[in-house]
Structure formats: structure tokens, C-alpha cells
Amino acid sequence: MDAVLQPGLYIVATPIGNLGDVTLRACEVLRGVSAVACEDTRVTGKLLKHLGIKQRLIRYDDHASDETRDYLLSLAAGGPVALVSDAGTPLISDPGYQLVRAARAAGIGVTSLPGASAVITALTLSGLPSDRFLFAGFLPAKAKARGEVLAELAGLRATLVFYETGPRLTDMLAAVDEVLPGREVAVARELTKLFEECRSGSPQELIAHYAAHPPRGEIVVLVGPPGEAVAADFDIDALLRAELATSKPSQAAGTVAKLTGQDRKTLYARALELK
Ligand code: SAM
């Protein structure tokens, strides 16, 4: 028999595609709470039906009225209430932040049940450095604002993780190519589902692929960190000169491009000048 749950707000992660990815504890909590706050009652209703759980569903997102939030808080003060989103971990590019903040401020117990999230699934799959990463959610749709956000992130020595949509993917990759030249990129698509794929390459290679094969489904884009030399602000001319002592300009440019993450063509032009 499931344990009786204490009053409070239970943040519950749900699958991001494969329904097998729900945890035992998530099922136990979803069965034991007095209500489930969710983004879309139809989506959560389907999941609960699949799990054989009958629950009272209350629609909630961060634009919900103060009354809805206060109502959920009053329920959570007296009994256990779950918060779920359509898929994955609530609050991660999904509603919940306002509710959690208000619950904590009101002294209501809050606990979070870990589970699926596309950001972590994509990061672990991508082969890009995972020791430091920055999750930046969705980039702005407008080109100027998107370029500004990318420029803000350019100096970070971390893998950058973005959520993206199919129709915007190639424009986004072109912006990455322009603002963060020389980075390795991975596109993770349809994670945990039948047509899961994770494709790595330069932004140009990926643009060529997805222009020919328009991407369907849900997408995470990961951008590798800049080369160590760029991050450490090394002297590019000194690196090129050192390479030119033993290599042709094209080889020197290639080696320094790999090391620094800078654009190979620009480095080649500079190598010709230095030679
Ligand atoms: N809260 C969710 C999480 O923890 O991952 C994210 C919700 S956000 C509204 C939805 C976005 O997450 C999608 O547009 C996509 O970028 C990404 N995403 C969700 N599921 C995915 C999947 N199975 N494969 C790839 N990306 C996914």
C-alpha cells in the first residue's frame, strides 16, 4: 500500500515521449494526492489514464489568476497537491515558478520528484562537454533579439543548451554560425521516441542536412564551448606563428581553428598575411 502523503506541493516530472519513463514515486504521488495542477487537463488526463490513475485535475499555468493560485495554495496547505506539466519537468520552460515561489513564501512544504527532462537527456546524449552547461530555454523568435542573446552567451566556457522548434531550426543554426563561429553543434530530436536522433557537426553541415530533411518533432540544440584558447584569451597571432614554423598556412589555420573555435577562413587569411 502507498504511504500517506504529507500536505504540500509535489513537483512531479512526467515522460518526454516514452511513457515508460515515469518513475515509481511519480505514480505513487499522483495516486495519493488530492488534486493535480496541470497545464492541459486533456494531456495530463491521457497520461493518468495510461497509468490507471483517477484524479481531480486543475488547470494551472503562470498566467493563471491569483484566485487559482491562492486556491491551489490553500489545497496544498491542507493536503498533498501535485504539479505536473504536459511533459518533462515542471518549471523547465514550463509553468510552475510562480506557484512554487508563492508556496515557499507561505511556508507550505514543497518537494520535487526528479524525472525526465529534455535538457538533461540531450546533454548526456550529445557527446559535448557536460561538466559545465548553461540551459537557455527558447531563444527569441526575432533575429535581432536572438543574435543579442547569443552574443551575451558567447564568452561562456560551457555547453549551451536551447529548446527549439522545427520551422526555426535552420535560422537558429545560421545565427549560431554567425555569432558563435567554429563551435561544434548537436541537434537532438524526438528524444526517447521511436525516431530519436542526435546529429552532430558544424552549423553549416547541420543546416545543409535539415534544409534537405525538414526536421519534425521536438528539438534540443546544443552548442559546444569555445576552444580553450579563445576562452583564455590567447594571442591568435602567436599561435598562428608557432604553427607556421612547421606547417603550411592552411594546416596552421586548421589547427588553430580547432584549438580556439575561431573561423578557419579568417585564420587562413591571417596566416597568409603572417607568412
Ligand atoms: N519541461 C520540459 C522538459 O523538462 O524538458 C520542456 C517543456 S518545453 C515547453 C518543450 C520543449 O522541450 C520542446 O519544444 C523541445 O524543444 C523540448 N523537448 C521536449 N520533449 C522533447 C523530446 N522528446 N525530444 C526533444 N526535445 C524535447
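Everything numeric in this text was worked out from a predicted model, so none of it was measured.

Moving on, we get to the side chain of Arg69. Positionally, Arg69 belongs in helix H3 (residues 66–78). When neighbours within four sequence positions are excluded, Arg69 is seen to be in contact with Tyr60, Asp62, Ala64, Gln98, Leu99 and Ala102.

A few words on the pairing of strand E1 (residues 8–12). For E1, the tally of buried residues reaches five of five residues, placing the bulk of the element in the interior. Examined bridge by bridge, E1 and strand E4 (residues 80–83) share four bridges and lie parallel to one another. From the neighbouring strand, Leu9 faces E4, where its bridge partner is Val81. Bridge analysis of E1 against strand E5 (residues 110–113) gives four bridges, and the strand direction is parallel. Residue pairing for E5: Leu9 is matched across the bridge by Val110.

Turning our eyes to something else, we now look at the packing of helix H7 (residues 169–179) against helix H8 (residues 203–212). The geometry of a pair of packed helices is captured by two quantities: the angle between their axes and the separation between those axes. Their axes nearest at 9 Å, the elements H7 and H8 cross at an angle of 165 degrees. Classified by the interaxial angle, the pair formed by H7 and H8 is roughly antiparallel. Taken as a pair, H7 and H8 cross one another with a handedness that is left-handed. From H7, Leu169, Thr170, Leu173, Ala174, Val176 and Asp177 reach across to H8, where they touch Pro203, Gln204, Leu206, Ile207, Tyr210 and Ala211.

Below, the discussion takes up the site of the ligand. Around the ligand sit 18 residues, and of these Asp94, Ser117, Ala118, Tyr163 and Ile219 come closest. Within the contact set of the ligand, a nitrogen atom lies 3.3 Å away from a backbone nitrogen or oxygen of Ala87. Between the ligand and Asp94, the relevant distance is 2.8 Å, taken from a nitrogen atom to a side-chain nitrogen or oxygen of the residue. Protein contact buries 89% of the 570 Å² of open area that the ligand shows by itself. Taking a 2 Å distance to the grid points as the criterion, the majority of the atoms of the ligand fall inside the second largest pocket. Sorting the residues of the shell around the ligand by element identifies strand E7 (159–164) and strand E10 (219–223) as the ones contributing at least two each. Considered class by class, the residues forming the shell around the ligand number nine nonpolar, four polar and five charged. Three or more residues apiece are contributed to the shell around the ligand by two domains, here domain 1 (8–116) and domain 2 (119–230).

Moving on, we get to the packing of aromatic side chains. Per the stated rule, a full pass over the model turns up two aromatic pairs. Plain terms: the ring middles of Phe135 and Tyr163 are 4.8 Å apart, the flat faces sit at 65 degrees to each other, and that makes the pair edge-to-face. With Phe135 in strand E6 (residues 133–138) and Tyr163 in strand E7, this pair connects stretches of sequence that are 28 residues apart. Ring geometry for Phe138 against Tyr163: centres 5.8 Å apart, planes inclined by 65 degrees, an arrangement best described as edge-to-face. Here Phe138 is found in strand E6, whereas its partner Tyr163 is found in strand E7, with 25 residues between them in sequence.

Quick notes on the rules
Residues numbered from 1 in each chain as written. Predicted model: local features only at pLDDT ≥ 70, side-chain atom pairs only at ≥ 80, totals over all residues. Heavy atoms only, no water. Helix = DSSP H or I, 4+ residues; strand = E, 2+ residues; numbered from the N terminus. Contact = heavy atoms within 4.5 Å. Buried < 20%, exposed > 50% of the residue type's maximum accessible area, 1.4 Å probe, protein only. Pairing = 2+ DSSP bridges. Axes fitted to C-alpha atoms, helices over the stretch in contact; angles between N-to-C directions. Parallel < 35°, antiparallel > 145°, perpendicular 65-115°, else oblique. Left-handed = near helix turned anticlockwise from the far one by under 90°. Near = heavy atom within 4 Å. Polar contact = N/O pair within 3.5 Å; in protein donor to acceptor, adjacent residues only side chain to side chain. Areas by Shrake-Rupley, 256 points an atom, 1.4 Å probe, with all protein chains shown as cover. 1 Å grid on protein atoms, 1.4 Å probe; cavity = no way out; pocket = protein on both sides within 12 Å on 5 of 7 lines; lining within 4 Å. Sits in = over half its atoms within 2 Å of the grid points. Nonpolar A, V, L, I, M, F, W, Y, C, P; charged D, E, K, R; others polar. Domains from an automatic or database assignment. Phe/Tyr/Trp six-rings, centres within 6.5 Å; stacked < 30°, edge-to-face > 60°.

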